[in-house]
Amino acid sequence: MDVVINIFVGLHIIGIASLLGGFLTQMKAMSAGAARFVPAMLHGALTMLVTGIVLVGLNQAQDQPVNNIKIAIKMAVLVVILALVYVKRDEEKIAKPLFGAVGGLTMANIFIAVLWT
């Protein structure tokens, strides 16, 4: 079971890399006012959502403690990110504050995961 959990942790990290990488590749375009949500950002957020839910289920199945408050906050932040990216995915230009909010929320989610013990 540990191997399965580690596979899903790896997939979860790939999802966050896709979301954050998509944001970072658009930083120059954001400064020019031409940033857009790339498909990698949507797919990364969806990957994070699915693998995160699976990881919580696998950990609970093994009777490992899960911090439900932390998971709920991370999921709420991710749902906001996913909603923003999904709704605005077809627009050619995204407003700087909205695009920056997605990047900021993504980094906040990373720091919640890493620093909240």
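Residues numbered from 1 in each chain as written. Predicted model: local features only at pLDDT ≥ 70, side-chain atom pairs only at ≥ 80, totals over all residues. Heavy atoms only, no water.

Draft legend 1. Spatial organisation of helix 5 (residues 96-115). In a regular helix each residue adds 1.5 Å, so 20 residues correspond to 28 Å; helix 5 covers 28 Å between its end C-alpha atoms and thus fits that length. Those residues of helix 5 lying buried are Phe99, Val102, Gly103, Thr106, Asn109 and Ile112. Those residues of helix 5 hidden inside the fold are in contact with helix 1 (2-25), helix 2 (27-31), helix 3 (39-61) and helix 4 (68-87). (Helix = DSSP H or I, 4+ residues; strand = E, 2+ residues; numbered from the N terminus. Expected span 1.5 Å × (residues − 1). Buried < 20%, exposed > 50% of the residue type's maximum accessible area, 1.4 Å probe, protein only. Contact = heavy atoms within 4.5 Å.)

Draft legend 2. Local environment of the environment of Asn6. Examined against the element boundaries, Asn6 turns out to sit in helix 1. Residue Asn6 is classed as exposed on the basis of its relative accessible area of 53%. Expressed as a C-alpha distance, the spacing of Asn6 and Leu55, which sit 49 residues apart in the sequence, is 9.2 Å.

Draft legend 3. Representation of a nonpolar patch on the surface in the model. Together, Val3, Ile7, Leu11 and Ile14 line one region of the surface with nonpolar side chains, adding up to about 370 Å² of accessible area. In this fold, Val3 is placed in helix 1. (Patch = residues over 30% accessible without salt bridge, like charges linked within 9 Å, V, L, I, M, F, W, Y side chains within 5 Å. Areas by Shrake-Rupley, 256 points an atom, 1.4 Å probe, with all protein chains shown as cover. Salt bridge = Lys/Arg side-chain N within 4 Å of Asp/Glu carboxyl O.)

Draft legend 4. Layout of the pattern of salt bridges. Taken as a whole, this structure holds one salt bridge when the rule is applied. With a shortest N-O distance of 3.4 Å, Glu91 and Lys88 are connected by a salt bridge.

Draft legend 5. Molecular detail of the environment of Phe99. By the element assignment, Phe99 lies in helix 5. Sequence separation between Phe99 and Val85 is 14 residues, and the spatial gap between their C-alpha atoms is 8.9 Å.

Draft legend 6. Quick peek at the side chain of Thr106. Inspection of the secondary structure puts Thr106 in helix 5. Leave out the neighbours within four places in its chain, and Thr106 touches Ile16, Leu19, Leu20 and Ile81.

Draft legend 7. Region of the structure containing the packing of aromatic side chains. Scanning the entire structure with this criterion turns up two aromatic pairs. Here the aromatic rings of Phe23 and Phe99 are separated by 5.1 Å at their centres, their planes lie at 20°, and the arrangement is stacked. Here Phe23, found in helix 1, pairs with Phe99, found in helix 5; they are 76 residues apart in sequence, far enough to count as distant. Since its relative accessible area comes to 0%, Phe99 is described here as buried. Summarising the aromatic geometry, the rings of Phe37 and Phe99 are spaced 5.4 Å apart at their centres and angled 25° between planes, so their arrangement reads as stacked. One end of the pair, Phe37, is in the loop between helix 2 and helix 3; the other, Phe99, is in helix 5, and 62 residues separate them in sequence. Considered together, Phe37 and Phe99 belong to a single accessibility category, that of buried residues. Through pairs of rings, three or more aromatic residues link up here, namely Phe23, Phe37 and Phe99. The residue whose ring lies beneath Arg89 is Tyr86, and the NZ or CZ to ring-centre distance is 4.0 Å. (Phe/Tyr/Trp six-rings, centres within 6.5 Å; stacked < 30°, edge-to-face > 60°. Lys NZ or Arg CZ within 6 Å of the ring centre and 35° of its normal.)

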